[in-house]
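Survey of secondary and tertiary structure
Given next are the chains, with one letter for each unit.
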Amino acid sequence: METLSIIGAREGNLRDVTLRIPKNRLVVFTGVSGSGKSTLLVDVLFNECQRLYLEALSLQGIRKPAVERVEGASPAIAILQNDANKNPRSTVGTLTDVYTALRMVYEKLGEYPCPCCGETICAADCLEETERVGDDFHVYLYCSACGERIDKITRTDFSFNTREGACPACEGLGRVLAVDRATAVDEGKSLEDGAVAFWAAKYQDYQIGVFRAACRHFGLPDPANVPVAAFGKLQKALLYEGAEADALARALPHAEPPKKVADGRFEGVVPQLMRRAAEHGADARNVRPYLVQAPCPECGGERLCARSRAVTVAGTRLPELSGATLRGLSTWVSNLDAQLDGTRRTLVEDYLLDLSTKLARIAAVGLDYLTLDRATVTLSGGELQRLRLSAILDSELSGVVYILDEPTAGLHPRDTAGLVDILRRLRDLGNSVLVIEHDPDVMRAADHLVDLGPGAGAHGGCVVAEGSLTDLAAAPNSATGRFLARKPALKREVRTPDDPPIRIRNATRFNLRHLDVDIPAGRLVTVTGPSGSGKSTLVFEVLAHSNAAGPENAVAGCERFDRIAAVGQSPLARMKRSNVATYIDAYGPIRSAFAGTDAARAASRPRRSRSTRRAGAARPARAWAPSRTTCCSSWTPRFPAPPATGSGSTTTCCRCGWTAAPSWTCWSSR
């Protein structure tokens, strides 16, 4: 069969779409956002191909989409923008398995000092012994210098996601929460004038009183109405770290910290904020503005424990390779491969080949500027797609349907040609490559174009044109065709900035190199540059943090704005129950309106019952726990009571009639 036929598709906003897609071709689907492109290719074609494939294996589990039938279906692979792993531990290295291969190399060839004799040994030169301990296996080495049996540093010890390998201070994250002292305390003011940002009204007076009592206890001058910048060293230590500050203990070894608050047991600005973060979460409104992510003071952001991060191969530590670009890592792998021979080469040649292959694939999609330790949550949707695309570059599969969702998103125009070459390579292997795209260069490279529309939502869902670029340009109902047919108009007048600019100084996040830039305020400003040049980092990781002070990544000039709204590429929500009404908070007033009707009052149905929970759904039994929850019948807070005595008793909510476990007490019945 020469075509892949979709007949009678009615999923989402599709209006009984029937389409015949030529097989073994590069087909680009265009149309305005919301016209039905993703619905047609992902929700209909991909899901139906997967469902038919599983049914052929006598497996089930995928709902049949709203389509009459799909003819000529083949196994399908979808590379989408929302497949990212949002785990903060996920990195480029773990996502691509490059870090896994490196861990194996360091296990086999790692060099580190023997804990018995102190001589530097190589794991490849030592005899190895495996011993079973309970249900686990423990690996030992016999030191090639002294012959003593020692613990071998294995691949597990080189993983920051294991207890054995992770830095104990940051638990393998590489960063810890720290208080931004410049934001929390305005040292140009005195305490009485509001130097501490989160001390307000009576609470400020109370804290100042305790601080002065602490000064008297330690024999320090009372800094009344003195700017914090003029405080002495010990006064600042007391203010920031509290009465138990290490600086006070060293300078005044005979002065014990006060036992009572009245005597000056001052907690300190930093401990106060860290306590609040522990109690209410780091995202709490009265905590978040004063906290920053800082490199772990113990591992310096390298994530591994001290023993693991000290191991070297060819004079290079593993964290150093993690922080290098993939281009630099490829050079290191090539040099190591050229140096090895004999037994050492035999131990790692498979891993080095795997590394070389994967790094070459990533370079082919233009992502060799990334580093292994780059968190996947910081990658753009286009970068994530191209990383997944790199994994199938050397695949010899044929007869597969590849579906890609805007793979040029975030890609600089100079790199588009390389991406098109990859798509053509997949096509030439005998595969059908279907791409959702808006990029004119990708459209020109297509063997066939399909344009959906004419509008979005209820105004879309139809195939308005297909064929070549000329066919689209000639179609009167095609928004894409009208765009391609018109001549680009250049802007002839540029607005002159009147307001002071937003100033960014010494920006160093990720790959930014001590960047200073002034961004005009009150203007439409475009930030351009090749993929990976630092655009998203500058805008979302630096500018979006508003008036941040300090020696690095300082931002000034945002105080005139009410707020900063950051609109990125991350999905709005991943929950199945989430919809447009719940996301924009429109559903709450709608529910209230229904709950206020006479019919609702007659049925004694409060506002909560108009939720998206399935009517009559059983609620799980809840055991007593000292935590706060929500009443079954309203948004009113409800607190659990201690378990009731006796057996078989129940508690019935006085508002909704729900029968609860005996350990619960409804708030409204108290």
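Residues numbered from 1 in each chain as written. Predicted model: local features only at pLDDT ≥ 70, side-chain atom pairs only at ≥ 80, totals over all residues. Heavy atoms only, no water.

**A short note on the packing of aromatic side chains**
Definition in use: When the centres of two rings from Phe, Tyr and Trp lie within 6.5 Å, Trp using its six-membered ring, the rings pair. Their planes under 30 degrees apart give stacked, over 60 give edge-to-face, and anything left gives tilted. Helix numbers and strand numbers start at the N terminus; a helix is a DSSP run of H or I with at least 4 residues, a strand a run of E with at least 2. Exposure is judged per residue with a 1.4 Å probe applied to protein chains only, and the accessible area is read against the type maximum: over 50% gives exposed, under 20% gives buried, and values in between give partly exposed.
Following the criterion strictly, the structure yields 9 aromatic pairs and no others. Ring geometry for W199 versus F266: centroids 6.1 Å apart, planes at 90 degrees, classification edge-to-face. Here W199 is found in the loop between helix 4 (181-184) and helix 5 (201-218), whereas its partner F266 is found in the loop between helix 7 (246-251) and helix 8 (269-280), with 67 residues between them in sequence. The pair W199 / F266 is uniform in exposure class, with both members buried. Note on F211 and F266: the rings are 5.4 Å apart at their centroids and 70 degrees apart in plane angle, and the pair reads as edge-to-face. Here F211 is found in helix 5, whereas its partner F266 is found in the loop between helix 7 and helix 8, with 55 residues between them in sequence.

**Some thoughts on the sheet that holds strand 8 (residues 127-133)**
The cut-off we apply is this: Strands are labelled as partners when DSSP assigns at least two bridges between them. With axes taken as lines fitted to C-alpha atoms, and helix axes fitted only over the stretch in contact, angles between N-to-C directions fall between 0 and 180 degrees.
What the 3 strands build is an open sheet, ordered 8-9-10; its pairing is antiparallel. Two strands close off the open sheet at either side, each with one partner strand: strand 8 and strand 10 (149-151). This sheet shows a mean twist of 40 degrees between the axes of neighbouring strands, independent of strand direction. Relative to strand 10, strand 9 (residues 136-142) runs antiparallel, the two being bridged by 3 bridges.

**Some details on the state of the cysteines**
Note the threshold: We call a pair of cysteine sulfur atoms a disulfide when they lie within 2.5 Å.
Applying the stated criterion across every chain, the model contains 0 disulfides. Counting only cysteine sulfurs, C126 is the nearest neighbor of C122, a cysteine outside any disulfide, at a range of 7.3 Å. The closest cysteine sulfur to the non-disulfide-bonded C126 is located on C143, 5.8 Å from its own sulfur.

**Here's the deal with the environment of A66**
Here is the rule: Contacts were defined at the residue level, with two residues in contact if any of their heavy atoms lie within 4.5 Å.
On the secondary structure map, A66 appears in the loop between helix 1 (37-56) and strand 4 (67-71). Not counting chain neighbours up to four residues away, the residues in contact with A66 comprise G8, A9, R10 and E11.

**So, the packing of helix 5 against helix 6 (residues 233-241)**
The following threshold applies: These descriptions rest on fixed angle ranges, namely under 35 degrees for roughly parallel, over 145 for roughly antiparallel, 65 to 115 for roughly perpendicular, and the rest for oblique. Rotating anticlockwise by less than a right angle from the far helix to the near helix defines a left-handed crossing, while the corresponding clockwise rotation defines a right-handed one.
The contact between helix 5 and helix 6 brings their axes to 11 Å, and the two run at 135 degrees. Here helix 5 is positioned oblique relative to helix 6, judged by the angle of their axes. Here helix 5 runs over helix 6; the crossing is right-handed. Every residue of helix 6 that contacts helix 5 at F211, A214, C215 and F218 is listed here: Q235, L238 and L239.

**Here we look at a nonpolar patch on the surface**
Just so we agree on the cut-off: Only residues whose relative accessible area exceeds 30% and that form no salt bridge enter a patch; like-charged residues are grouped when within 9 Å of one another, and nonpolar side chains (Val, Leu, Ile, Met, Phe, Trp, Tyr) when within 5 Å. The method behind every accessible area is Shrake-Rupley, applied with a 1.4 Å probe, and residues are considered shielded solely by the protein chains displayed. By salt bridge we mean one thing: a side-chain nitrogen of Lys or Arg within 4 Å of a carboxyl oxygen of Asp or Glu.
A contiguous nonpolar surface patch, about 290 Å² in accessible area, is contributed by Y53, L57 and L59. Relative to the helices and strands, Y53 resides in helix 1.

**Some remarks on the pattern of salt bridges**
Close approach of charged atoms lets side chains of opposite charge pair. What the rule picks out here adds up to 33 salt bridges. For E131, the salt bridge is made with R149, and the minimal N-O distance between the two is 3.1 Å. Residue E131 is found in strand 8, and its partner R149 is found in strand 10; the two are separated by 18 residues along the sequence. Judged by its relative accessible area of 31%, E131 is partly exposed. E541 is the partner of R509 in a salt bridge, and the nearest nitrogen-oxygen pair spans 3.2 Å.

**Quick word on helix 18 (residues 535-542)**
Just so we agree on the cut-off: Comment: arc refers to directions from the helix axis out to C-beta atoms.
Turning to helix 18, its buried residues are T537, L538 and V542. Within helix 18, the buried residues cover an arc of 100 degrees as seen down the axis, which keeps them to one side. Its buried side turned inward, helix 18 meets strand 19 (502-507), strand 20 (515-519) and strand 21 (554-556).

**Describing the side chain of T154**
Its place among the elements puts T154 in the loop between strand 10 and strand 11 (175-179). Since its relative accessible area comes to 15%, T154 is described here as buried. Among all residues touching T154, those that are not within four sequence positions of it are E107 and V139.

**A look at the sheet that holds strand 21**
Strands in a sheet are paired, the pairing made by backbone hydrogen bonds, and the direction either parallel or antiparallel. An order of 20-19-21 is seen for the 3 strands of this open sheet, with the pairing classed as antiparallel. Two strands bound the open sheet, and with one partner strand each, they are strand 20 and strand 21. Taken over all neighbouring pairs, the strand axes of this sheet differ in orientation by 10 degrees on average, direction set aside. Most of the contacts of helix 18 go to strand 19, to which it runs at about 110 degrees, and overall it touches strand 19, strand 20 and strand 21.

**Re the nonpolar core**
We count it as follows: Among the buried residues, those of types Ala, Val, Leu, Ile, Met, Phe, Trp, Tyr and Cys that are joined through side-chain atoms within 4.5 Å form a nonpolar core.
Ranked by size, the top nonpolar core spans 70 residues in total, and within it L329 and W332 carry the most contacts. With 7 residues, the single largest contributor to this core is helix 3 (residues 98-109). Contacts of W332, omitting those with residues within four sequence positions, involve L102, Y106, V313, A314, T316 and L321.

**Some details on unusual backbone geometry**
Residue P454 is reached from G453 by a cis peptide bond, and omega for that bond is 0 degrees. Relative to the assigned elements, P454 resides in the loop between strand 17 (448-453) and strand 18 (462-467). At N225, a position not held by glycine, the phi torsion is positive, near 55 degrees. Considering the arrangement of structural elements, one finds N225 in the loop between helix 5 and helix 6. A positive phi is found at R303, a non-glycine position, where the angle reads about 75 degrees. Inspection of the secondary structure puts R303 in the loop between strand 12 (291-295) and helix 9 (306-309).

**Side note on the environment of R427**
Tracing the backbone through its elements, the reader meets R427 in helix 14 (residues 413-428). Put simply, R427 and G399 are 28 residues apart on the chain and 9.4 Å apart in space, counted from C-alpha to C-alpha. Leaving out residues up to four positions away in the same chain, R427 has contacts with N24, R25, L26, V433 and D447.

**Focus on the packing of helix 3 against helix 11 (residues 326-339)**
For any two helices packed against each other, the geometry comes down to the angle between their axes and how far apart the axes lie. Condition: Under this grouping Gly is polar, as are all residues other than the nonpolar Ala, Val, Leu, Ile, Met, Phe, Trp, Tyr, Cys and Pro and the charged Asp, Glu, Lys and Arg.
In the contact formed by helix 3 and helix 11, the axes pass within 13 Å of each other and the chain directions differ by 35 degrees. For the element pair helix 3 and helix 11, the recorded crossing hand is left-handed. On the side of helix 3, the interface is formed by V98, L102, V105 and Y106, while helix 11 contributes L329, W332 and L336. Across the contact of helix 3 with helix 11, the residue classes tally to 7 nonpolar, no polar and no charged.

**So, the pairing of strand 16 (residues 432-436)**
Within strand 16, 5 of the 5 residues are buried, which leaves the element mostly enclosed by the surrounding structure. Along strand 16, one buried face is formed by S432, L434 and I436 and the opposite face, lined by V433 and V435, is buried too. Bridge count for strand 3 (residues 26-30) against strand 16 is 4 bridges, and the pairing is parallel. Its bridge partner lying in strand 16, L26 is registered against V433. In this structure, strand 15 (residues 401-405) lies alongside strand 16, joined through 5 bridges in parallel fashion.

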